Amino acid sequence: MKMKKFINEPENLTEELLEGLAMANSDYLTVENNHLVINKKLDEADRVTIVTMGGSGHEPCCSGFVGEGMVDIGVIGDIFAAPGPQVCADALRKADKGKGVVYIVLNHAGDMLSGNMAMKMIHKDGIQVKKVVTQEDVSSVPRSDADNRRGLVGCVPVYKIAGAAAASGKDVEEVAEIAQRVADNMATLAVALRGATHPITGAELATLAEDEMEIGMGQHGEGGGGRTKIKTANETAEIMIDALIEDLQIQSGEKVLLLINGSGATTLMEQLIVYRRCQQYLEEKGISIVGNHVGELLTVQEQAGFQMCMVRMDEELLAYWNAPCRTPYFKM
């Protein structure tokens, strides 16, 4: 199936999008061989550094969050595919400036395989690397089986807060603990009205009837078990908020960060209408939103839908969330 997209030769897609990223954001980052997207000020970093990895096709994640105050090196694989372990190990070595590295990996089979192999490869190098896994999709398995939960847009608050902690001078153990605290106190749920297609092959990742939606669909079209007739923005927001509150056991009087992440083909108009009801509904429950973001952070090409991420916040995490950062697609 021929794709109706503005691309050139499909086999060059990842290379060309990264070249474009570097050209458009030369103040923030550089791109080196093997798809390493590198903070332009990495060589000046006298601190803990942050490395992450993931497939292309999800822009702006994760390459668009490389820069000051967030990610130092993003290792980018081909479309929807994890990068290999050797390039991940190379990134960890390059990132280390003598203070250690926090390595943030989303819980998907390919990412975990490459991530774990890279850790073994650098074991004898004397580099302090602390791996933090994001695994917050509430639709996949219960929290009691969190190791088998998928990683979704929750990686972004982990990048932001870990990056700010590193910039503040915390040591590698402290930065890893703070990143893990975020990972342990967040939950995400996705909803889709239409599945994405693979931008090279044209293959559909998921198919939904015109009158259907699916609450719980995974990043790449994985089923979530919540297929139903399309509901209104308010109804959808309430269903998803209830699921996140239940998973995190959020109580009245607590404070949360709330992200509405467009997954590629959902307009900002729709996202804002959903956010409106989320804030109203949480206020009715006595829960305060102390930080937020509405917009595209981790997309799946033209998938129609959004991801909703909730993070239990404390004063320290909130200070790091609000700390300055300067990256192509996230600034504070």
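Anyway, here's the lowdown on the structure attached to this text. From a predicted model like this one, the values you see are computed outputs, not experimental measurements.

### Structural notes on a nonpolar patch on the surface
Residues Leu113, Met117 and Met121 make up a contiguous nonpolar surface patch of roughly 260 Å² in combined accessible area. Here methionine 121 shows up in helix H3 (residues 109-121).

### Some words on the packing of helix H4 (residues 155-167) against helix H5 (residues 172-184)
Relative orientation of the contacting elements H4 and H5 amounts to 155 degrees, with a least axis distance of 9 Å. What the angle tells us is that H4 and H5 run roughly antiparallel. Seen from above, H4 lies across H5 with right-handed handedness. Of the residues in H5, those in contact with Pro157, Val158, Ile161, Ala162, Ala165 and Ala166 of H4 are Val175, Ile178, Ala179, Val182 and Ala183. Split by residue class, the contact of H4 with H5 holds 11 nonpolar, no polar and no charged.

### Some remarks on unusual backbone geometry
Cis geometry marks the peptide bond from glutamate 59 to proline 60; its omega dihedral reads 10 degrees. Inspection of the secondary structure puts proline 60 in the loop between strand E3 (49-56) and strand E4 (73-79). Residue cysteine 62 is reached from cysteine 61 by a cis peptide bond, and omega for that bond is -10 degrees. With respect to the helices and strands, the residue cysteine 62 is situated in the loop between E3 and E4. In the Ramachandran plot, glutamine 249 falls in the positive-phi region, its phi being about 55 degrees despite a non-glycine side chain. Within the secondary structure layout, glutamine 249 lies in the loop between helix H6 (233-248) and strand E10 (255-262). The phi dihedral of glutamine 301 is positive, around 55 degrees, even though this residue is not glycine. Examined against the element boundaries, glutamine 301 turns out to sit in the loop between strand E11 (288-295) and strand E12 (304-312).

### Focus: the pattern of salt bridges
Enumeration according to the criterion identifies 24 salt bridges in this entry. For arginine 326, the salt bridge is made with glutamate 68, and the minimal N-O distance between the two is 3.6 Å. Pair noted here: arginine 326 is in strand E13 (residues 326-327) and glutamate 68 is in the loop between E3 and E4, with a separation of 258 residues, a long-range link. According to the relative accessible area criterion, arginine 326 is partly exposed, its value standing at 35%. With its nearest N and O atoms 2.5 Å apart, the salt bridge here joins aspartate 125 to arginine 93. One end of the pair, aspartate 125, is in the loop between H3 and strand E6 (129-134); the other, arginine 93, is in helix H2 (residues 85-95), with 32 residues separating them in the sequence. One continuous salt-bridge network, built from bridges that share partners, spans Glu177, Arg181, Asp314 and Glu316.

### Overview of the packing of aromatic side chains
Scanning the entire structure with this criterion turns up two aromatic pairs. Judged by centre distance (6.4 Å) and plane angle (50 degrees), the ring pair of phenylalanine 65 and tyrosine 159 falls under tilted. Pair noted here: phenylalanine 65 is in the loop between E3 and E4 and tyrosine 159 is in helix H4, with a separation of 94 residues, a long-range link. Overall, phenylalanine 65 belongs to the buried group, its relative accessible area being 0%. Judged by its relative accessible area of 0%, tyrosine 159 is buried. With a centroid separation of 5.5 Å and 65 degrees between ring planes, the pair formed by tryptophan 321 and phenylalanine 330 is classed as edge-to-face. Residues tryptophan 321 and phenylalanine 330 agree in their burial class; the two are buried.

### Examining the side chain of serine 263
Its location among the elements puts serine 263 in the loop between E10 and helix H7 (268-284). Within the local environment of serine 263, its side chain forms a polar contact with the backbone oxygen of glutamine 303, the two atoms lying 3.3 Å apart. The contact partners of serine 263, leaving out residues within four places of it in the chain, are Leu298, Thr299, Val300, Gln301, Gln303, Ala304, Gly305 and Phe306.

Definitions and cut-offs
- Residues numbered from 1 in each chain as written.
- Predicted model: local features only at pLDDT ≥ 70, side-chain atom pairs only at ≥ 80, totals over all residues.
- Heavy atoms only, no water.
- Patch = residues over 30% accessible without salt bridge, like charges linked within 9 Å, V, L, I, M, F, W, Y side chains within 5 Å.
- Areas by Shrake-Rupley, 256 points an atom, 1.4 Å probe, with all protein chains shown as cover.
- Salt bridge = Lys/Arg side-chain N within 4 Å of Asp/Glu carboxyl O.
- Helix = DSSP H or I, 4+ residues; strand = E, 2+ residues; numbered from the N terminus.
- Axes fitted to C-alpha atoms, helices over the stretch in contact; angles between N-to-C directions.
- Parallel < 35°, antiparallel > 145°, perpendicular 65-115°, else oblique.
- Left-handed = near helix turned anticlockwise from the far one by under 90°.
- Contact = heavy atoms within 4.5 Å.
- Nonpolar A, V, L, I, M, F, W, Y, C, P; charged D, E, K, R; others polar.
- Buried < 20%, exposed > 50% of the residue type's maximum accessible area, 1.4 Å probe, protein only.
- Phe/Tyr/Trp six-rings, centres within 6.5 Å; stacked < 30°, edge-to-face > 60°.
- Polar contact = N/O pair within 3.5 Å; in protein donor to acceptor, adjacent residues only side chain to side chain.

Interpretation in functional terms is not warranted from these geometric data alone.
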